[in-house]
Amino acid sequence: SDDDERLGASSMQKFHGEDLAISHRVKGQQEELRSWFGEAVREKEAAQAEAAQSDADFSSSMLQIDGLKSSLEASAQAKRREAYSAVAEYNLAQARAKKERERAAQAA
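Note that the structure is predicted; figures quoted are calculated from it, not measured.

Before going further, it helps to spend a moment on the overall build of the chain. When helices and strands are tallied, the chain shows 1 helix and 0 strands. Split by element, the accessible area of the chain, about 9800 Å² in all, is 56% carbon and sulfur.

This part takes up the pattern of salt bridges. Applying the stated criterion to the full structure yields 1 salt bridge. We note a salt bridge from Glu100 to Arg103, for which the minimum N-O separation is 3.2 Å. Of this pair, Glu100 and Arg103 both sit in helix α1 (residues 22–107), separated by 3 residues, roughly a single helical turn.

What follows covers a nonpolar patch on the surface. A grouping of Phe58, Met62 and Ile65 is seen on the molecular surface, where their side chains present a nonpolar patch of about 290 Å² in accessible area. Mapped onto the elements of the fold, Phe58 is located in helix α1. The class of Phe58 is exposed, set by a relative accessible area of 52%.

Reading guide: rules and limits
- Residues numbered from 1 in each chain as written.
- Predicted model: local features only at pLDDT ≥ 70, side-chain atom pairs only at ≥ 80, totals over all residues.
- Heavy atoms only, no water.
- Helix = DSSP H or I, 4+ residues; strand = E, 2+ residues; numbered from the N terminus.
- Areas by Shrake-Rupley, 256 points an atom, 1.4 Å probe, with all protein chains shown as cover.
- Salt bridge = Lys/Arg side-chain N within 4 Å of Asp/Glu carboxyl O.
- Patch = residues over 30% accessible without salt bridge, like charges linked within 9 Å, V, L, I, M, F, W, Y side chains within 5 Å.
- Buried < 20%, exposed > 50% of the residue type's maximum accessible area, 1.4 Å probe, protein only.

Remember that the coordinates give geometry; whether it matters functionally is a separate question.
Written out as structure tokens, the structure is:
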């Protein structure tokens, strides 16, 4: 072992700045990187799922709004048809009344 006290400086077993625990440190760093990467992947997947849910919610609300808009437009169109029909009936009644007055005036 490099820590053996019987070994002197001339045995060239220990060097200044030598990292004897490099394999252990590198392994720890690799595990830490794997952990960070896994966390980043989970965060990205969660963000994508949240964005997809947000898009789905938006689409659903747009469909509801479109349905409401269509319903209101149909109702407004029905009201316009009723109003046009009422005006047409009124005009016909006025025309009939005018003809009656003209017949009465000719008969008299």
